[in-house]
Amino acid sequence: MSKSEVVSYKPGETSWWRKLFAVKTMEQLQGDIEGSEMKRTLNFVDLTSVGIGAIIGTGIFVLTGVAAANKAGPAVALSFVVSGLAAGTAALSYSEMACMIPVAGSAYTYTYATMGELIGWTIGWDLILEYLVGAATVSVGWSAYFVGFIESAFGWKMNPHWVEAPFKYDETKGFYMTGHYINVPAISISLLITALLCFGIRESARVNTVMVAIKVLVVLLTIFACIKDVNPANYTPFFPPNEGTFEKFGVSGMFSAASTVFFAYIGFDAISTAAQESKNPQRDLPIGICGSLLICTILYIAVCFIMTGVVPYRELDSAKPILVLIGRTGMNWMTTVVALGIIFGLASVMLILLMGQPRIFYAMAKDGLFPEVAAKIHPRFKTPWFTTIVTGVSCAVLGGILPVDVLGEMTSVGTLFAFCLVNIGVIILRFKRPDIPRRFKVPFGPFLIPVIGAALSVLLLCTASPSTIARLFIWMGLGLVVYALYGRTHSKINNPHLARHNRGEKVATENDI
């Protein structure tokens with residue numbers, strides 16, 4: 001049977017178990033591309049900007065100081081090298097899959113095409129958690145910096161009841177009331193970005209490019225303004241003596257810090273969600289993914305060297321290490337400028353995450369796993385407006401009522417899970433479909449880099465706290481219930497009578513790929 005033929009199931013022909021692992025053929029995916037209503041308006045500059053906008057955020061503004069003070073000392077710069085290599089393996093795998101399968105949906109689409117519907121659903125449901133909770137986390141951080149900027153620039157101290165979450169979480173007490181009302185700035189920025197995304201991907205990309213430019217300029221300003229105050233004595237010892245535990249300094253502390261700062265690289269995978277809006281995805285997606293990761297790694301390492309060279313590493317244990325750095329130089333005029341740049345920087349992260357989330361919904365709805373309304377494209381703006389609004393409002397609610405620690409714990413686990421499956425997917429497709437043209441291929445064969453990447457993802461996943469893993473299992477369990485009650489019975493690949501309503505729709509078993 002040729003790959004282009006329609007494969008259908010006859011009643012009783014295929015067991016429900018085999019249907020769970022039915023895959024989409026490359027020809028079906030090509031049909032999705034040709035039938036897309038989305039505008040192809042993004043070039044490699046736009047996509048690289050999207051990647052930088054998503055990556056540079058909490059990592060460089062928060063994690064650098066904590067990792068240096070508590071784990072690695074000046075060697076935190078090498079921690080970013082190690083974690084950058086780990087992220088780089090995933091970036092190479094994403095690049096091969098993205099240029100081969102340039103369809104909205106990111107890791108969801110890739111796993112559906114390689115490992116079947118159930119695994120595809122699982123990773124899609126996982127990505128919903130990653131992007132939504134990640135955006136809500138950033139909204140709370142944005143709120144904190146916004147409040148600080150207003151106070152430093154205008155001397156106006158905002159009422160804490162309207163800028164703090166009404167709930168907090170403690171491992172022993174669970175959730176408890178704080179006495180505050182709601183986080184208004186977090187809600188406001190979520191709704192503002194949602195409105196922007198409804199108007200069009202091109203307009204959103206332009207705004208993101210401006211915010212990314214401001215963010216990068218602020219980072220470069222910090223590096224070049226503070227380099228004159230570097231004291232070489234602060235680099236000694238470069239590896240502080242280990243204090244008796246694995247994560248406390250020494251070489252082992254540097255590797256432990258690499259696990260911490262790895263999460264500073266989360267975000268480049270959001271580029272692949274815009275595949276159907278790229279002008280030349282086979283060329284531009286790999287450039288955007290790898291280019292953005294390389295630029296951010298260089299900036300991260302430079303900031304680490306400057307930061308630990310100016311400030312003794314023990315004094316960097318702060319949620320705002322960049323401001324600690326500037327304070328040590330005595331250039332107080334920079335505080336307001338840098339705070340404003342960070343506000344733009346965190347807003348750009350939110351924009352990318354809230355852009356990626358609706359496109360996951362869109363891809364899953366096109367496959368019948370979500371109701372058709374989730375695949376609705378606005379007739380004028382050509383954006384998935386319904387799911388954009390649902391995502392934005394959900395983000396506003398979460399950011400308005402929950403603290404940053406509860407939200408932040410869940411973000412990275414989903415990303416690592418996705419990275420692992422994409423690496424495995426590259427290996428599977430190299431053997432099952434070697435005939436598919438690949439404008440970009442992971443170097444050194446189909447095993448070395450993908451296997452290393454998958455192993456590193458699993459290793460870092462195992463470092464998550466038990467409570468975070470428990471919450472992940474609860475979320476995934478809820479997803480399986482939704483799949484059993486709706487997705488399984490409405491899936492177009494496993495329900496041919498539904499697929500026939502769409503011209504060119506094909507149904508395949510796992511052996512047809």
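Residues numbered from 1 in each chain as written. Predicted model: local features only at pLDDT ≥ 70, side-chain atom pairs only at ≥ 80, totals over all residues. Heavy atoms only, no water.

### Notes on the overall build of the protein chain
Test applied: For helices the rule is a DSSP run of H or I covering at least 4 residues; for strands it is a run of E covering at least 2, with both sets numbered from the N terminus onward. Any residue under 20% of the maximum accessible area for its type is buried, any over 50% is exposed, and the rest in between are partly exposed; the area is computed with a 1.4 Å probe on protein chains only. In short, Shrake-Rupley with a 1.4 Å probe defines the accessible areas, and a residue's cover is counted only from the protein chains shown.
Assigned secondary structure in the protein chain consists of 18 helices and two strands. Residues classed as buried in the protein chain amount to 57% of the 513 residues present. Summing over all exposed atoms, the protein chain offers an accessible surface of approximately 20,400 Å²; the carbon and sulfur share of this is 68%.

### With respect to empty space enclosed by the protein
Take a probe with the size of a water molecule and roll it over the atoms, and the empty space left behind shows itself. Stated precisely, the cut-off is as follows: Using protein atoms alone on a 1 Å grid, points that fit a 1.4 Å probe yet trap it form a cavity, whereas open point sets bounded by protein on both sides within 12 Å along at least five of seven lines form a pocket; residues with an atom within 4 Å of a point count as lining. Grid points are joined across faces, edges and corners, and a volume is the space filled by probe spheres set on the points. Side-chain classes follow a simple rule in which Ala, Val, Leu, Ile, Met, Phe, Trp, Tyr, Cys and Pro form the nonpolar group, Asp, Glu, Lys and Arg form the charged group, and the remainder, Gly included, forms the polar group.
Scanning all chains against the criterion turns up two cavities of 30 Å³ or more. Reported here for the second largest cavity is a volume of approximately 50 Å³. Around the second largest cavity sit Ile-60, Phe-61, Val-218, Val-219, Thr-222, Val-303, Ile-322 and Val-338, which together line it. Where the lining of the second largest cavity is concerned, the elements lending two or more residues are α4 (58-72) and α9 (201-226). Broken down by element, the lining of the second largest cavity gets its largest block of residues, three residues, from α9. Its residues assigned to classes, the lining of the second largest cavity comprises seven nonpolar, one polar and no charged.

### Side note on the pattern of salt bridges
This is how the line gets drawn: One side-chain nitrogen of Lys or Arg within 4 Å of one carboxyl oxygen of Asp or Glu is enough to make a salt bridge.
Applying the stated rule across the entire model yields four salt bridges. Across the salt bridge formed by Glu-243 and Arg-314, the nearest N and O atoms sit 2.7 Å from each other. Pair noted here: Glu-243 is in the loop between α9 and α10 (250-261) and Arg-314 is in the loop between α11 (281-310) and α12 (321-329), with a separation of 71 residues, a long-range link. You can call Glu-243 partly exposed: its relative accessible area is 44%. Exposure remark for Arg-314: the relative accessible area of 49% places this residue in the partly exposed category. The salt bridge partner of Arg-328 is Glu-315, with a shortest N-O separation of 2.1 Å. Remark: Glu-315 occurs in the loop between α11 and α12 and Arg-328 occurs in helix α12; sequence separation between them is 13 residues.

### Considerations on the packing of helix α7 (residues 117-154) against helix α8 (residues 184-198)
Test applied: Each axis is a line fitted through C-alpha atoms, and for a helix only the stretch in contact is used; angles between axes span 0 to 180 degrees, taken between their N-to-C directions. Note: crossing handedness is left-handed where the near helix turns anticlockwise from the far helix by less than a right angle, and right-handed where it turns clockwise. Any two residues whose heavy atoms approach within 4.5 Å at even a single point are treated as in contact.
Contact geometry of α7 with α8 gives a least axis separation of 8 Å together with a crossing angle of 120°. Where α7 crosses over α8, the handedness of that crossing is right-handed. Here Ser-139, Val-140, Trp-142, Ser-143 and Phe-146 of α7 lie close against α8, whose contacting residues are Pro-185, Ala-186, Ile-189 and Ser-190. Here the residues of the contact of α7 with α8 are counted per class, giving six nonpolar, three polar and no charged.

### A closer look at unusual backbone geometry
Omega for the peptide link from Thr-236 to Pro-237 comes to -5°, which places this bond in the cis form. In this structure, Pro-237 sits in the loop between α9 and α10. Its identity as a non-glycine residue notwithstanding, Phe-249 has a phi of 65°, on the positive side. Tracing the sequence through the fold places Phe-249 in the loop between α9 and α10. Overall, the relative accessible area of 0% leaves Phe-249 in the buried class.

### Section: α7
Working note: α-helix, 3.6 residues per turn, so residues spaced by three or four point in the same direction. Counted only if it meets this: The span expected for a helix works out to 1.5 Å for each residue beyond the first.
Between the first and last C-alpha of α7 there are 54 Å, a value that for 38 residues agrees with the 56 Å anticipated at 1.5 Å per step. Residue Gly-155 follows α7 closely and has a positive phi angle near 70°.

### Some words on the environment of Ala-257
Within the fold, Ala-257 resides in helix α10. Taking the C-alpha atoms as reference, Ala-257 lies 5.7 Å from Lys-71; in sequence the two are 186 residues apart. In this view, Ala-257 contacts Ala-67, Lys-71, Ala-72 and Ser-79; residues no more than four positions away in its chain are not counted.

### What about the environment of Val-393?
Within the secondary structure, Val-393 is located in helix α14 (residues 385-401). When the C-alpha atoms of Val-393 and Ser-190 are compared, they prove to be 7.4 Å apart, with 203 residues separating the residues in sequence.

### Overview of the nonpolar core
A general tendency of soluble globular proteins is for nonpolar side chains to be buried together. Short version of the rule: Nonpolar cores were defined as sets of buried Ala, Val, Leu, Ile, Met, Phe, Trp, Tyr and Cys residues, with membership established by side-chain atoms within 4.5 Å.
In this structure, Tyr-94, Phe-268 and Phe-370 are the most contacted members of the largest nonpolar core, which totals 129 residues. Top element by residues in this core is helix α13 (residues 333-366). It accounts for 20 residues. Residues contacting Tyr-94, with those up to four places away along its chain left out, are Ser-106, Ala-107, Tyr-110, Phe-268, Asp-269, Ser-272, Ile-289, Ala-418, Phe-419 and Val-422.

### Looking at the confidence of the model for the protein chain
How we decide: For every residue, the predictor reports its confidence as pLDDT, a number between 0 and 100.
Of the residues in the protein chain, 82% have a pLDDT of 70 or more, and the chain-wide mean is 78. Of all secondary-structure elements in the protein chain, the lowest mean pLDDT belongs to helix α18 (residues 496-499), at 61, while α8 reaches the highest, 89. Overall, residues 1-13 carries pLDDT values under 50, and its contacts beyond four positions in sequence, including any with other chains, amount to 26 contacts.

### Focus on helix α6 (residues 107-114)
Counting buried positions along α6 yields eight of eight residues, so the element is predominantly enclosed. Within α6, burial applies to Ala-107, Tyr-108, Thr-109, Tyr-110, Thr-111, Tyr-112, Ala-113 and Thr-114. Phi for Gly-116, located one or two positions after α6, is positive at around 105°.

### Looking at the side chain of Ser-348
Tracing the backbone shows Ser-348 in helix α13. In contact with Ser-348, other than residues within four places in its own chain, are Gly-53, Asn-208, Met-211, Val-212 and Lys-215.

### A short note on the packing of helix α5 (residues 76-100) against α11
Quick note on the threshold: An angle below 35 degrees is read as roughly parallel, one above 145 as roughly antiparallel, one from 65 to 115 as roughly perpendicular, and any other as oblique.
Look at α5 against α11: their axes get within 9 Å of each other, and the N-to-C directions meet at 175°. One finds that α5 runs roughly antiparallel with respect to α11. In terms of residue class, the contact of α5 with α11 is built from 20 nonpolar, six polar and no charged.

### Quick look at the packing of aromatic side chains
Where we set the bar: Any pair of Phe, Tyr and Trp rings, taking the six-membered ring for Trp, is counted once the centres come within 6.5 Å. Such a pair is stacked with planes under 30 degrees apart, edge-to-face with planes over 60 apart, and tilted for the rest.
Throughout the structure, instances matching the rule amount to 18 aromatic pairs. The interplanar angle of 10° and the centroid separation of 4.9 Å between the aromatic rings of Trp-142 and Phe-146 together place this pair among those described as stacked. In this pair, Trp-142 and Phe-146 are both assigned in helix α7, four residues apart and thus about one turn of the helix distant. The class for Phe-146 is partly exposed, based on a relative accessible area of 24%. Ring pairs connect the aromatic residues Trp-121, Trp-125, Phe-361, Phe-370, Trp-475 and Tyr-483, which therefore count as one cluster.

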